Amino acid sequence: MNCFDDQAKMTDALNSQKFITGNYNHYAGECATKERKDKLMEILSEEHDMQFEVFSEMQKRGWYEPKPAPQQKVCEACEQFEQKDVTVAGRIIAKRIMGKASFCTIQDSDEKIQSYVSINDLGEESYKAFKTYDIGDIIGITGFVFKTRTEEISVHAKEVTLLSKSLRPLPEKFHGLKDPDLRYRQRYVDLIMNPEVKKTFEMRSKIISNVRSILEEEGFLEVETPVLNTISGGATARPFITHHNALDISMYLRIALELNLKRLIVGGFDKVYEIGRVFRNEGMDIRHNPEFTMLELYASYQDFHDMMDITEKIFSQTAQKVLGTTKITYQGQEIDLTPGWKRITMIDSIKEACGVDFNEINSDEEAVALAKERGIEIPDPTKETRGDVISLFFDEYVEKTLIQPTFIYEYPVEISPLAKKCPNNKKMTERFEVFIGGREYGNAFSELNDPIDQYERFKKQVEAKEAGDEEAGMMDEDYINALEIGLPPTGGLGIGVDRLVMLLTDAASIRDVLLFPTMKPLN
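Worth saying up front: this structure is predicted, and the values here are computed from it rather than measured.

*Asks:* An account of empty space enclosed by the protein is needed here, citing residue identities and associated values.
*Replies:* Applying the stated rule across the entire model yields two cavities of 30 Å³ or more. Space inside the largest cavity adds up to approximately 90 Å³. Looking at the largest cavity, it is lined by 13 residues, and the ones nearest its centre are Gly-233, Gly-234, Ala-235, Phe-458 and Gly-473. When grouped by side-chain class, the residues that make up the lining of the largest cavity number six nonpolar, six polar and one charged. Computed from the structure, the second largest cavity encloses a volume of approximately 50 Å³. Taken together, Ile-208, Val-211, Ile-275, Leu-295, Ile-495, Val-497 and Leu-500 make up the lining of the second largest cavity. When its residues are assigned to classes, the lining of the second largest cavity shows seven nonpolar, no polar and no charged.

Encoded structure:
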């Protein structure tokens, strides 16, 4: 026997649905233990079966007839349309049934609006159907715009159509969807329930659009380069490895955009950039996701000083454009992005922070001994070099202190395999990183264009890889060939787009600015 043979039984089913929805919200927010997770799955299964029966009955009665998109956005149904007919559509987020007349509120991608629905306007059958609609259903409303006694813009419905049935309940309004794990896993629900989340991603789009505008004004050409490569290079990172069946070869998801972009500079383009996904098979935390978005740009006949200037421009102008100011607050820290950022060498910054002057330390042995004396652990034997120790001292004593925007430049050769050596100090390179709020946001070089020097540095990377360093680079003979054709003096810059978005939206975690962050499966 069908449980909806009469209206009373269908009403009972809908009331049962409301009870299940309440239970769902209780357990969805607190599913930390296995018992709660099991109970949640039991509730969801029961709820889904009940909703499916409701949905099937609505189809049989002809109450579910999908129609085309609306003629107006909700935000357009305003005072200028008062007493004029409009057609709007959106998701039901509130509903009050009051006998023969009701109110409901729908929300589209931009705004929400109230609608007055009555049996006199819809007719008995259509009004009966409307009363069965649930929070979360998507409906279309045709009617005229009017103001209520409280001056609220509303639509007086003449016709209401169910466009899409929500077979799972939304979290109830009071508690909302707050559990971070559920929010990241079910971003579609997060976007419905938390308007501020949608604003973050709208802001992200504006930030990226503005960065593109700045680079276009500077004469850069946007290009696209392969995600799959036969060699992993352009950065120090552990790659993801896959297999190409037709070619029967291993391939690597790119860990950087660099080498192919510099090939284009060899080919005659003066300025190129790419905004794209890169992939690194490394740990996950509030600043790292296995796949993330990078901006890399390269300009011929420029150097790392020019890259400092364009970095300041990208950050300050983007902040001014999307926030209306260059003075921001990030996680409680006041930060001034106005151009004129501090510039200091890595060795001088270490000397300021802890008193150690690496200009007076010339050998690997001296540097390693100093690290042991200071209790700084060297991760493996391949890192027992002066350059690696300088980097470890910087990480330990300096990075966390760099709250205001700061360029740290002149990095050791050992940790900068693609950067040109400083003319006055062959142990250091023309490289900088930019730090804000104690975090790194960008990395830039005067690009190495000496093929012999580059070949020797690649060899050292290969030796490190053979010694067990999984992050070391590989020999790229084609790139050496490109350098032998001739790479003009070039400045290159890489900026983590996700971190830039975090900074300008005051997001604590990278997962808050990625629509679909990587998550471990529940099962």
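*Asks:* Let's hear about the pattern of salt bridges: which residues, and what values?
*Replies:* When the charged atoms of two side chains with opposite charge come close together, those side chains can pair. For the coordinates displayed, the defined rule picks out 26 salt bridges. A salt bridge links Lys-313 to Glu-218, with the shortest nitrogen-to-oxygen separation between them at 2.4 Å. Here the residue Lys-313 occupies a position in helix H9 (residues 304–323), and Glu-218 occupies one in the loop between helix H7 (195–217) and strand E6 (221–222), the gap between them amounting to 95 residues. When its relative accessible area of 25% is taken as the criterion, Lys-313 is described as partly exposed. The exposure class of Glu-218 is partly exposed, given its relative accessible area of 26%. With a shortest N-O distance of 2.8 Å, Arg-263 and Asp-478 are connected by a salt bridge.

*Asks:* Let's hear about the packing of helix H11 (residues 364–373) against helix H12 (residues 386–397): which residues, and what values?
*Replies:* In the contact formed by H11 and H12, the axes pass within 8 Å of each other and the chain directions differ by 30°. Our classification of the angle between H11 and H12 gives roughly parallel. Of the two possible hands of crossing, H11 and H12 adopt the one that is left-handed. Contacts between H11 and H12 pair Asp-364, Ala-367, Val-368, Leu-370 and Ala-371 from the former with Arg-386, Val-389 and Phe-393 from the latter. Partitioned by chemical class, the residues of the contact of H11 with H12 number six nonpolar, no polar and two charged.

*Asks:* With reference to specific residues and values, describe the confidence of the model for the protein.
*Replies:* On average, the protein scores 87 in pLDDT, and the residues at 70 or more come to 84%. Taken as a whole, residues 1–32 scores under 50 in pLDDT and shows 61 contacts with residues more than four places along the chain or in a different chain.

Conventions we followed
Residues numbered from 1 in each chain as written. Predicted model: local features only at pLDDT ≥ 70, side-chain atom pairs only at ≥ 80, totals over all residues. Heavy atoms only, no water. 1 Å grid on protein atoms, 1.4 Å probe; cavity = no way out; pocket = protein on both sides within 12 Å on 5 of 7 lines; lining within 4 Å. Points joined across faces, edges and corners; volume = space filled by probe spheres on them. Nonpolar A, V, L, I, M, F, W, Y, C, P; charged D, E, K, R; others polar. Salt bridge = Lys/Arg side-chain N within 4 Å of Asp/Glu carboxyl O. Helix = DSSP H or I, 4+ residues; strand = E, 2+ residues; numbered from the N terminus. Buried < 20%, exposed > 50% of the residue type's maximum accessible area, 1.4 Å probe, protein only. Axes fitted to C-alpha atoms, helices over the stretch in contact; angles between N-to-C directions. Parallel < 35°, antiparallel > 145°, perpendicular 65-115°, else oblique. Left-handed = near helix turned anticlockwise from the far one by under 90°. Contact = heavy atoms within 4.5 Å. pLDDT = per-residue confidence, 0-100.

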